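Each chain, letter by letter, is given below.
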Amino acid sequence: MGISRRDALLAGSAGLAATGLATGSASAQPVAPRAHSASVSHDRSYSPGRPGRDYTPVVTPDGATLPYRIVDGVKVFHLIPEEVEHSFAPGLNAKTWGYNGRTHGPTIEAVEGDRVRVYVTNRLPAPTTVHWHGVILPSGMDGVGGLNQRAIHPGETFVYEWTFRQHGTFMYHSHHDEMTQMALGMMGMIVVHPRQPTGPRPDRDYAIMLSEWVLHPGAERPDPNAMGDFNILTMNARCYPGTSPLVAQRGERVRIRFGNLSAMDHHPIHLHGYAFTITETDGGVIPVSARHPDTTVLVPTGSTRTVDFVADNPGDWAMHCHMTHHVMNQMGHGVPNLTGVNARRIDRAVGALLPTYMTMGQDGMGEMGQHIEMGHMPVPENSLPMVGAPGPRDYITMGGMFTILKVRDRLTGDGDPGWYDNPEGEARPASADELSRDGIDTTASEAPASSNPHQGHHP
Ligand SMILES: [Cu+2]
């Protein structure tokens, strides 16, 4: 049977039941599917888990949670694949594909042990299926078009049904013509709360889907055939400055669940101001002995990562993909390298013919957003500058897969608490007194270079 003692321990009661079968029980019952994180038994059924009583609901920033109704003890959901008018950020819109009027689809939330029935009504012009990524379920419910079922044709409604025998963070996505349908946005998160949590519940529980798109400046639809040069990198299908901040009050337990269904990229998500613990993948809970602190979590495509921390450091903290091309917006990737170029003569020559002409990039791209913001530089309709948005102190030269965690001593209301005022001071111009006190000569022809103090002194 191949179920080791370790697996049995990891899987808890479900695993123990399976081990009983493996050691020669005469029962004709099929061996239960194995999940690495289970706190429910396969032998009994559970009443539908209730928000508040059984779990603290997850929040999908800029997203939504799929509603359900309970029919004879079964949670009944209705997913509707359809075309959506989507906004990535103010000024950048596209016709995308999604579910129930949004891209990405709403988060499906349940409790371990819940029996769920999901109706899927296809309102797309193309056939589709839904795959429940990471969910351990019967083969016929797995949703791979052609393999587990036939495709759902436009206008048809299919029904899927299973019992969640595990808890954790999973995803759903189209598994028919994935290249096209996922590139157009057909994905969403699944959060299954434990029936019997082993630790305290998080006070803030966030779900963020990472994805990437090619939307040519001025175009109406993302290009699903593009294999690289992704120019819109998103968290819950929004790119900065379109991403809503995450908030927490000092001392709260925060959980962030990242899923990645990008076509071609992994995303190392870095959080400022904190070290967190990576506690779960879509495969299950990471044993405590194998966890380690980190400030960046690599979320490979086709997987989820869950991080936990206590919000004990108030402030405005950037949280972003650390690949520098993934914190830029649409325009400017792959332009000719103009770094260090003296453009005065060419600006004068071209300016005579094209009054709005301006060479960009001689000193980097940091000022591009501001030039556009100030009207110095025209951009095509329906496009976003590479970087940025006005911040509280200066221009923020970040875009794409970037958001802000706002931790406050006291939060009033659920909304954006505004900008942090740095009561302990912030970086600022140095005063003359400070420079002379510390012996800093800003006019010295050569800054004192550090050298290896042992160099040349070894015998
Ligand atoms: Cu990235």
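The protein chain is annotated in an unreviewed UniProt entry as Multicopper oxidase of Maricaulis maris.

Moving on to the overall build of the protein chain. Scanning the protein chain from terminus to terminus reveals five helices and 24 strands. Within the protein chain, contacts between residues at least 6 apart in sequence are counted, and of these 72% link residues at least 24 apart.

What follows deals with the sheet that holds strand E19 (residues 296-299). Across the sheet, which stays open at both edges, the five strands sit in the order E13-E24-E21-E15-E19 with mixed pairing between neighbours. The open sheet terminates on both sides in strands that have one partner only, identified here as strand E13 (246-249) and E19. Taken over all neighbouring pairs, the strand axes of this sheet differ in orientation by 20° on average, direction set aside. Pairing between E13 and strand E24 (residues 402-408): four bridges, direction parallel. Across the sheet, residue Leu246 finds its bridge partner in E24, namely Leu405.

A few words on the sheet that holds strand E7 (residues 131-133). For sheets, the rule is that strands pair by backbone hydrogen bonds, running either parallel or antiparallel. Strand order across the open sheet formed by four strands is E5-E10-E9-E7, with mixed pairing between neighbours. Each having just a single partner strand, strand E5 (108-111) and E7 make up the two edges of the open sheet. Between one strand axis and the next, the sheet turns by 25° as a mean value, whatever way the strands run. Of the pairings in the sheet, the one linking E7 to strand E9 (residues 168-173) comprises three bridges and is antiparallel in character. Its bridge partner being in E9, His131 is matched across the sheet by His173.

Let us now look at the environment of Ser139. Among the secondary structure elements, Ser139 is positioned in the loop between E7 and strand E8 (157-163). In the structure, Ser139 is positioned ten residues away from Gln149 in sequence and 9.5 Å away in space, judged by C-alpha atoms.

The next thing to look at is the pairing of strand E2 (residues 74-79). Looking along a regular strand, one sees side chains alternate from face to face of the sheet. Of the two faces of E2, the one holding Lys75, Phe77 and Leu79 is buried and the one holding Val74, Val76 and His78 is not buried anywhere. Here three bridges tie strand E1 (residues 69-71) to E2, and the two strands are oriented antiparallel to one another. Counterpart to Arg69 in the pairing with E2 is Val76. Remark: two residues form the turn of the hairpin made by E1 and E2, two consecutive strands paired antiparallel; Asp72 in that turn has positive phi of roughly 50°. Relative to strand E6 (residues 115-121), E2 runs parallel, the two sharing five bridges. Each residue of the ladder has a partner; that of Val76, found in E6, is Arg117.

Glancing now at the nonpolar core. Residues Ile190, Ile208 and Leu405 are the most contacted members of the largest nonpolar core, which totals 80 residues. Sort the elements by how many residues they give to this core and strand E11 (residues 204-213) lands first, with six residues. Apart from residues no more than four positions distant in its own chain, Ile190 is found in contact with Ile108, Trp132, Val135, Phe170, Met171 and Tyr172.

Reading the values: rules and limits
- Starting afresh in each chain, residues are numbered from 1 along the sequence in its written order.
- This being a predicted model, a pLDDT of at least 70 is required before a residue's local features are given, and a value of 80 or more before pairs of side-chain atoms are given or counted; all residues contribute to the totals for chains, interfaces and linings.
- Secondary structure elements follow DSSP: runs of H or I no shorter than four residues count as helices, runs of E no shorter than two count as strands, and numbering proceeds from the N terminus.
- Two residues qualify as a contact pair if the distance between their C-beta atoms, derived from the backbone, is within 7 Å.
- For two strands to be treated as a pair, DSSP must find no fewer than two bridges joining them.
- Geometry is summarised by axes, namely lines fitted to C-alpha atoms with helices restricted to the contacting stretch, and by angles between N-to-C directions that run from 0 to 180 degrees.
- Whether a residue is buried, exposed or partly exposed follows from its count of other C-beta atoms within 10 Å of its own C-beta, namely 20 or more, 12 or fewer, or something in between, respectively; the C-beta atoms are built from the backbone.
- What we call a nonpolar core is a set of buried Ala, Val, Leu, Ile, Met, Phe, Trp, Tyr and Cys residues whose membership is set by joining through C-beta atoms within 7 Å.

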